[in-house]
Amino acid sequence: MAQVEARQNGGTSAAFIGRHAIVVGAGVAGLAAAGALSAYFERVTVLERDGAFSGTVPRSGASQGWHAHGLLVGGQLALSELYPGIGQDFLAAGAVPMRVNQDLREEYPGRDPVPQRDFGLHGYTMTRPLIESTLRRRALQRGNIVICQNSAVRQLEVDRNGRVSAVYRTTMDGDTVEKLSADLVVDASGRGQLTLDLLQSIGHPQPRETKIGIDLCYSTAIVAMPENAPNDWKLVLTQPDIPHSYRRAVMLPIEGGRWMLTVAGRGCERPPVEWDALLKFLQGLSTPTIYNAVRRSEPIGRLARFLLPENVWRHFEGLDTMPDGVIPIGDAICRFNPVYGQGMSVAAKEAVLLHHLLGARASQSDPLCGLGREFLAETRLLIETPWSMAAVPDFAYPDTRGDRPADLERSLQFAAALSRLAVRDASVQRLAIEVWHMLKPRSAYRDPELIRRVEAEMAAA
Ligand SMILES: Cc1cc2nc3c(=O)[nH]c(=O)nc-3n(C[C@H](O)[C@H](O)[C@H](O)COP(=O)(O)OP(=O)(O)OC[C@H]3O[C@@H](n4cnc5c(N)ncnc54)[C@H](O)[C@@H]3O)c2cc1C
């Protein structure tokens, strides 16, 4: 595709590489992707199936928004790269600033809480609607991004060169079907179904899927933060007694002086959605901090529930052929177990990757040729660390479905020994936090000296 016209970017003139990009879905992945595309396309249209978004109440298309959504520091930095200064916008909208790990009380059964050391890393806690509404505001400020609500995309279309060149959308009444042409379509619809249907319709194979069955159940309540709230932590993470219990909870401060309490369980440990029953359930957590903090509170509004059967990684990167003109992103590629708080951050990092690839290709004669394949190949590296961080502890539970890694037992022992070492050694804790927050890949644990120390810790256990 030829470069189409001059654009202004930070005072320097460059060329757009396409006239129109369409993003399907105005979730976190879609809004982050729109930020990545807007520098390289004259127009970016985000098509969202849901109706109007209040900005404060979760939408039906993203009902997970009723539950705790932690944004890792790596995800926050990625969003800041796409929308510079967005951290200040979160703050101005009511987000709570967080020092990692000084403000976090992380508790494990049978041992002292993780030391609350300050590593100079900063984040924010807030509701998912606040994250989305801030991203939407920043996207719309760009001038060349529009977000169309009540726009359900039914199908992607390829042209005679086999390149995706249009989408069909229906409007709210469901009767009107409209064809919209685009140079690039980003599938941020959360399920990837549009891309999967496209591959099927043109006779391409479907991607292999890795699944980890967890049958996770979430219950969430919001309570007003009491005046005598503890001042030695802002956020509490109560870890389960692996592999005997999956019962865990996170309580984080959100805008409006409230706490959001999300409790997770599996199997016979399903957290209830009635407040009194949930309080009883909290007494069975491995530590009493959260129960003690909320036992005299009343919930604001109804409690919410979410069921998540499995983590899914669709290996689009493994396909021999992938049509040009379409890129799946975010949950459309990989849906993680949410207890590890990774999905939004991975989506934001993928959008940054897209931004970099577009920049690197901008001067080529056909910058979009092979873009999807290159993007998907690189997402594998991005996803590997969070996927294995979530998969390894989940496989400690016998009822988790999926192919267990051959070295599972050693990986579990390694993780446990690393976390014990981190209590004593601040540099090890910093590294573990940097990997958790997606600031460093998991390969950072391959340092020979670190391996020697962790193995000594394993032997001493
Ligand atoms: C219970 C729960 C808790 C979670 N907690 C965390 C957390 O703590 N931290 C974290 O980082 N992540 C968390 N996640 C994951 C996080 O919500 C997602 O990974 C992240 O939002 C990226 O999702 P997405 O934008 O790809 O998809 P989604 O958020 O699913 O958005 C997809 C959008 O596409 C729209 N759409 C779908 N089909 C169409 C169509 N055909 N046409 C037009 N629009 C369409 C939908 O309406 C929706 O708005 C959690 C998830 C769950 C389920």
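Every value quoted in this text rests on a predicted model; they were computed, and no experiment measured them. One numbering rule holds for all chains: residues counted from 1, following each sequence as written. A pLDDT threshold of at least 70 governs which residues receive local features in this predicted model, and a stricter bar of 80 or more applies before side-chain atom pairs are shown or counted, although totals over entire chains, interfaces and linings include all residues.

### A look at the overall build of the protein
The condition is simple: Helix and strand labels come from DSSP, where a helix needs a run of H or I of at least four residues and a strand needs a run of E of at least two; each type is numbered from the N terminus. The reference for a compact globule is 2.2 Å times residues^0.38; the radius of gyration itself is calculated from the C-alpha atoms. For the exposure call, what matters is how many other C-beta atoms sit within 10 Å of a residue's own: 20 or more marks it buried, 12 or fewer exposed, and in between partly exposed, using C-beta atoms placed from the backbone.
When helices and strands are counted, the protein shows twelve helices and 19 strands. Its C-alpha atoms give the protein a radius of gyration of 23 Å, near enough to 23 Å, the size a compact globule of 461 residues would have. Taken over the C-alpha atoms alone, the protein extends approximately 65 × 50 × 45 Å along its principal axes. When each of the 461 residues of the protein is scored for burial, the buried share is 46%.

### A closer look at the sheet that holds strand β8 (residues 145-148)
Put simply, the rule is: Note on pairing: two strands pair once DSSP finds at least 2 bridges between them. What counts as an axis is a line fitted to C-alpha atoms, over the stretch in contact for a helix, and the angles between N-to-C directions run from 0 to 180 degrees. This entry defines residue contacts through backbone-placed C-beta atoms, with two residues in contact when those atoms are within 7 Å.
Strand order in the open sheet formed by five strands is β8-β4-β3-β12-β18, with parallel pairing between adjacent strands. One side of each edge strand has no neighbouring strand; the edge strands of this open sheet are β8 and β18 (326-328). Between one strand axis and the next, the sheet turns through 20° on average, direction left out of account. Where strand β3 (residues 18-24) lies against strand β12 (residues 184-187), four bridges are found, and the strand directions are parallel. By the bridge assignment for β12, I22 is matched with V185. Relative to the sheet, helix α1 (residues 28-37) contacts β3, β4 (41-47), β8 and β12, its axis offset from that of β4 by approximately 170°.

### Regarding the confidence of the model for the protein
Filter applied, for reference: Confidence of the predictor in every single residue is expressed as pLDDT, which spans 0 to 100.
On average, residues of the protein carry a pLDDT of 94, and 97% of them reach 70 or more. Below a pLDDT of 50 lies the segment residues 5-13, which in the model reaches ten contacts outside its immediate sequence neighbourhood of four places, other chains included.

### A short note on the environment of E384
Mapped onto the secondary structure, E384 falls in helix α9 (residues 371-394). Through-space distance from the C-alpha of E384 to that of P441 is 8.5 Å; in sequence the pair is 57 residues apart.

### With respect to the site of the ligand
For clarity, the threshold we go by: Nearness rests on one distance test: the residue's C-beta atom, set from the backbone, must lie within 6 Å of the molecule or strand. Three classes are used: nonpolar for Ala, Val, Leu, Ile, Met, Phe, Trp, Tyr, Cys and Pro, charged for Asp, Glu, Lys and Arg, and polar for all others, with Gly counted as polar. Note that the domain bounds reflect an automated or database-derived domain assignment.
The immediate surroundings of the ligand are formed by 37 residues, with G25, G27, G61, G330 and G343 found nearest. Taken together, the elements giving at least two residues each to the shell around the ligand come down to α1, β9 (152-158), β17 (304-315) and α8 (343-361). For the shell around the ligand, the element with the most residues is α8, which contributes four residues. Here the residues of the shell around the ligand are counted per class, giving 18 nonpolar, 15 polar and four charged. Of the residues that make up the shell around the ligand, three or more belong to each of domain 1 (6-90 + 129-209 + 311-390) and domain 2 (99-121 + 212-309).

### A word on the sheet that holds strand β15 (residues 248-254)
If you walk across this open sheet you meet the seven strands as β6-β14-β15-β16-β13-β17-β19, and the pairing is mixed. Pairing within the sheet leaves two strands with one partner each, and these edge strands are β6 (104-107) and β19 (334-335). Direction of pairing for strand β13 (residues 208-224) relative to strand β16 (residues 258-266): antiparallel, over a ladder of nine bridges. Bridge pairing links S219 to V263 in β16.

### Here we look at helix α2 (residues 73-82)
A large share of α2 lies buried, amounting to eight of its ten residues. Along α2, the positions that sit buried rather than exposed are V73, G74, G75, Q76, L77, A78, L79 and L82. Among the structural elements, α1, α3 (86-92), β5 (96-100), β7 (121-125) and α8 are those in contact with the buried residues of α2.

### Overview of the packing of α1 against α8
Selection criterion: Here the angle decides the label: under 35 degrees means roughly parallel, over 145 means roughly antiparallel, 65 to 115 means roughly perpendicular, and every other value means oblique. Helix crossings fall into two classes, left-handed where the near helix is turned counterclockwise from the far one by less than a right angle and right-handed where it is turned clockwise.
Axis separation between α1 and α8 bottoms out at 8 Å; the angle between their running directions is 20°. Classified by the angle between their axes, α1 and α8 sit roughly parallel to one another. The crossing of α1 and α8 is right-handed. Note on element contacts: α8 touches α1 through M344, A347, A348, A351, V352, L354, H355 and L358, opposite V28, A29, A32, A33, G35 and A36. Of the residues in the contact of α1 with α8, the class split is twelve nonpolar, two polar and no charged.

### Brief notes about the environment of R247
With respect to the element layout, R247 can be found in the loop between β14 (235-238) and β15. When the C-alpha atoms of R247 and L285 are compared, they prove to be 6.2 Å apart, with 38 residues separating the residues in sequence. Every residue in contact with R247, bar those within four places of it in the chain, is listed here: P240, G265, E269, G284 and L285.

### Describing the nonpolar core
In plain terms, the rule: Any set of buried Ala, Val, Leu, Ile, Met, Phe, Trp, Tyr and Cys residues joined through C-beta atoms within 7 Å is what this text calls a nonpolar core.
By size, the foremost hydrophobic cluster in this structure holds 125 residues, and its most contacted members are A32, A33 and A351. Apart from residues lying up to four places away in sequence, A33 is in contact with V23, V186, A188, I329, A351 and L354.

### Here's the deal with the pairing of β13
Here β13 pairs with β17 via eleven bridges, running antiparallel. If you follow S219 over to β17, its bridge partner there is R305.

### With respect to the pairing of β4
Among the seven residues of β4, five are classified as buried, and the element is accordingly described as predominantly covered. Where β3 and β4 come together, six bridges link them in parallel fashion. Bridging from a neighbouring strand, G18 pairs with F41 of β4. Examined bridge by bridge, β4 and β8 share four bridges and lie parallel to one another. What sits directly across from V44, in β8, is I145.

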